[in-house]
Amino acid sequence: VQLQASGGGLVQAGGSLRLSCAASGRRFSSYGMGWFRQAPGKEREFVAGISWSGGFTHYLDSVKGRFTISRDNAKNTVYLQMNSLKPEDTAVYYCAASWALVPTNTISGMDYWGKGTLVTVSS
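All of these numbers come straight from a predicted model, not from anything done at the bench.

What counts and what doesn't
- Residues numbered from 1 in each chain as written.
- Predicted model: local features only at pLDDT ≥ 70, side-chain atom pairs only at ≥ 80, totals over all residues.
- Heavy atoms only, no water.
- Phe/Tyr/Trp six-rings, centres within 6.5 Å; stacked < 30°, edge-to-face > 60°.
- Helix = DSSP H or I, 4+ residues; strand = E, 2+ residues; numbered from the N terminus.
- Buried < 20%, exposed > 50% of the residue type's maximum accessible area, 1.4 Å probe, protein only.
- Lys NZ or Arg CZ within 6 Å of the ring centre and 35° of its normal.

A. Just the packing of aromatic side chains, in detail. For the structure on display, the rule yields five aromatic pairs. Taking the centre distance of 4.7 Å and the plane angle of 45° together, the rings of Y31 and W99 count as tilted. In this pair, Y31 sits in the loop between β3 (17-24) and β4 (32-38) while W99 sits in the loop between β9 (91-98) and β10 (112-113), placing the two residues 68 residues apart along the sequence. Using a relative accessible area of 43% as the deciding quantity, one classes W99 as partly exposed. With a centroid separation of 6.4 Å and 65° between ring planes, the pair formed by W99 and Y112 is classed as edge-to-face. Here the residue W99 occupies a position in the loop between β9 and β10, and Y112 occupies one in strand β10, the gap between them amounting to 13 residues. Taken together through their ring pairs, the aromatic side chains of Y31, W99 and Y112 make up a single cluster. It is R44 that lies over the ring of Y94; its NZ or CZ is 3.7 Å from the centre. A cation sits over an aromatic face here: R71 above F28, 4.6 Å from the ring centre.

Rendered as structure tokens:
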């Protein structure tokens, strides 16, 4: 599967962005999906994950209540709605797919990665 993330940009603190990740190939609904991010000088970290059906989601503690992950299997797309953005959310955001129906929150648990999209939050 190939993944293409989009929707990044520059936003002021307190603003919102919605990231999209379009997947090519068949059987998108068979994958657990996740969003990760990497800030300058830091390691890549898990942000949010969603099960194959969308029935289970999990989040990094610092984004709970602000970010929402969702998916549309008919459109082969996973989304990350980001509200109340903070400067510390600035990072390159990556989407990833896992053969596990319920993805873990680890980098090693993901099987496919897309190129990232940059999110910059100004104070």
